[in-house]
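Coordinates in review
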Amino acid sequence: MSALQTPPEDPLIASVRLRGVRRARWLRDGEDSVARRLAQIGVLGWITVIPMLTGIFAGRWLDRTYHSGIFWTAPLLMLGAGLGCWSAWRWIKGT
């Protein structure tokens, strides 16, 4: 290891530091209001539903255009569900 490199931080120490930062923020700011929690639930719902609806509408249009039954609707619905869940997960994680 060269003098310019710093050793990697222990995951346990990083976790303890993060917990301390979160606790200090909680002590400073307090608990979120009920209205804020309900707003977060609403945002999560829309983040999940919008990609699914987009997949359904695009799939129905493709199916009508190519007369293919539900060949496009079902996979695009599943793709939208996956994208919506992934987006919701990223929003919850804060990245």
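As a reminder, the structure under discussion sits directly above these lines.
The structure reproduced in this document is the subject of the present report.

Cut-offs and rules
- Residues numbered from 1 in each chain as written.
- Predicted model: local features only at pLDDT ≥ 70, side-chain atom pairs only at ≥ 80, totals over all residues.
- Heavy atoms only, no water.
- Helix = DSSP H or I, 4+ residues; strand = E, 2+ residues; numbered from the N terminus.
- Rg over C-alpha atoms; globule rule 2.2 N^0.38 Å.
- Buried < 20%, exposed > 50% of the residue type's maximum accessible area, 1.4 Å probe, protein only.
- Contact = heavy atoms within 4.5 Å.
- Areas by Shrake-Rupley, 256 points an atom, 1.4 Å probe, with all protein chains shown as cover.
- Lys, Arg positive; Asp, Glu negative; His and termini not counted.
- Charge placed at Lys NZ, Arg CZ, Asp CG, Glu CD.
- Patch = residues over 30% accessible without salt bridge, like charges linked within 9 Å, V, L, I, M, F, W, Y side chains within 5 Å.
- Salt bridge = Lys/Arg side-chain N within 4 Å of Asp/Glu carboxyl O.
- Polar contact = N/O pair within 3.5 Å; in protein donor to acceptor, adjacent residues only side chain to side chain.

**A few points about the overall build of the chain**
- Within the chain one finds three helices and zero strands.
- Tracing the chain from N to C terminus, the helices and strands come up as α-α-α.
- In terms of overall dimensions, the chain is more spread out than a globule: its C-alpha atoms have a radius of gyration of 22 Å, far above the 12 Å expected for 95 residues.
- If one aligns the C-alpha atoms of the chain with their principal axes, the spans along those axes are about 65 × 45 × 15 Å.
- Among the 95 residues that make up the chain, the fraction classed as buried is 11%.
- For the chain, long-range pairs separated by at least 24 residues make up 44% of all intrachain contacts whose partners lie at least 6 apart in sequence.
- Working note: accessible area of the chain is about 8,000 Å², and carbon and sulfur atoms make up 69% of it.
- Side-chain charges in the chain split into 12 positive and 6 negative, and the spacing between the mean points of these groups amounts to 3 Å.

**What about a nonpolar patch on the surface?**
- On the surface, W46, V49, I50, L53 and F57 cluster together into a nonpolar patch covering about 510 Å² of accessible area.
- Along the chain, I50 falls in helix α2 (residues 34-66).
- Using a relative accessible area of 42% as the deciding quantity, one classes I50 as partly exposed.

**What to know about the side chain of T73**
- Looking at the element boundaries, T73 is found in helix α3 (residues 73-93).
- Look at T73 and you get buried, because its relative accessible area is 12%.
- At a separation of 3.3 Å, a polar atom in the side chain of T73 contacts the main-chain amide nitrogen of R60.
- Discounting residues that sit within four places of it in the chain, T73 has contacts with I56, G59, R60 and D63.

**Points about the pattern of salt bridges**
- According to the stated counting rule, one finds three salt bridges in the structure shown.
- With its nearest N and O atoms 3.2 Å apart, the salt bridge here joins R37 to E31.
- Accessibility expressed as a relative area gives 39% for R37, which makes it partly exposed.
- With a shortest N-O distance of 3.8 Å, D32 and R36 are connected by a salt bridge.
- Among the residues examined, D32 registers a relative accessible area of 35% and is labelled partly exposed.

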